[in-house]
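# What the coordinates show
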Amino acid sequence: MELTDLERDFLRKLLGESWVSPPTFDHEIVARLVELGLVETEPLPSGDTEYRITDAGRAAATA
């Protein structure tokens, strides 16, 4: 699987900890990572979204 530089950078950022996006974040930027099962999302009551890397995402980030 070929990842863009932006996608790879996002995965590497998630290696250390999950990330909570502000409501204005353009989620389409990382939608493919979610579709590929590399990242999981959880909507929060605040309207933010939490992004967490999956095991498959960890493997892709370090490949």
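Relevant structure appears above.
Residues numbered from 1 in each chain as written. Predicted model: local features only at pLDDT ≥ 70, side-chain atom pairs only at ≥ 80, totals over all residues. Heavy atoms only, no water.

### Here we look at the pattern of salt bridges
Taken as a whole, this structure holds 4 salt bridges when the rule is applied. The partner of glutamate 7 in a salt bridge is arginine 32, and the shortest N-O contact between them spans 2.7 Å. Taken as a pair, glutamate 7 in helix 1 (residues 5-16) and arginine 32 in helix 2 (residues 31-35) lie far apart in primary sequence, 25 residues in all. Note on glutamate 7: relative accessible area 6%, which makes it buried. (Salt bridge = Lys/Arg side-chain N within 4 Å of Asp/Glu carboxyl O. Helix = DSSP H or I, 4+ residues; strand = E, 2+ residues; numbered from the N terminus. Buried < 20%, exposed > 50% of the residue type's maximum accessible area, 1.4 Å probe, protein only.)

### With respect to the packing of helix 1 against helix 3 (residues 55-62)
Packing of helix 1 against helix 3 brings their axes to within 9 Å, and their N-to-C directions diverge by 115°. By crossing handedness, the relation of helix 1 to helix 3 is classed as left-handed. Taken together, the residues of helix 3 that come into contact with helix 1 (itself represented by Arg8, Leu11, Arg12 and Leu15) are Gly57, Arg58, Ala60, Ala61 and Thr62. Each residue belonging to the contact of helix 1 with helix 3 can be placed in one class, and the counts come to 4 nonpolar, 2 polar and 3 charged. (Axes fitted to C-alpha atoms, helices over the stretch in contact; angles between N-to-C directions. Left-handed = near helix turned anticlockwise from the far one by under 90°. Contact = heavy atoms within 4.5 Å. Nonpolar A, V, L, I, M, F, W, Y, C, P; charged D, E, K, R; others polar.)

### Some remarks on the nonpolar core
Grouped together as the largest cluster of nonpolar side chains are 12 residues: Leu3, Phe10, Leu11, Leu14, Val30, Leu33, Leu38, Val39, Tyr51, Ile53, Ala60 and Ala61. At the level of elements, helix 1, strand 3 (49-53) and helix 3 are the ones that each hand at least two residues to this core. For this core, the element with the most residues is helix 1, which contributes 3 residues. The contacts of valine 39, once residues within four sequence positions are left out, are Phe10, Leu11, Leu14, Leu33, Val34, Tyr51, Arg52, Ile53 and Thr54. (Core = buried A, V, L, I, M, F, W, Y, C linked by side-chain atoms within 4.5 Å.)

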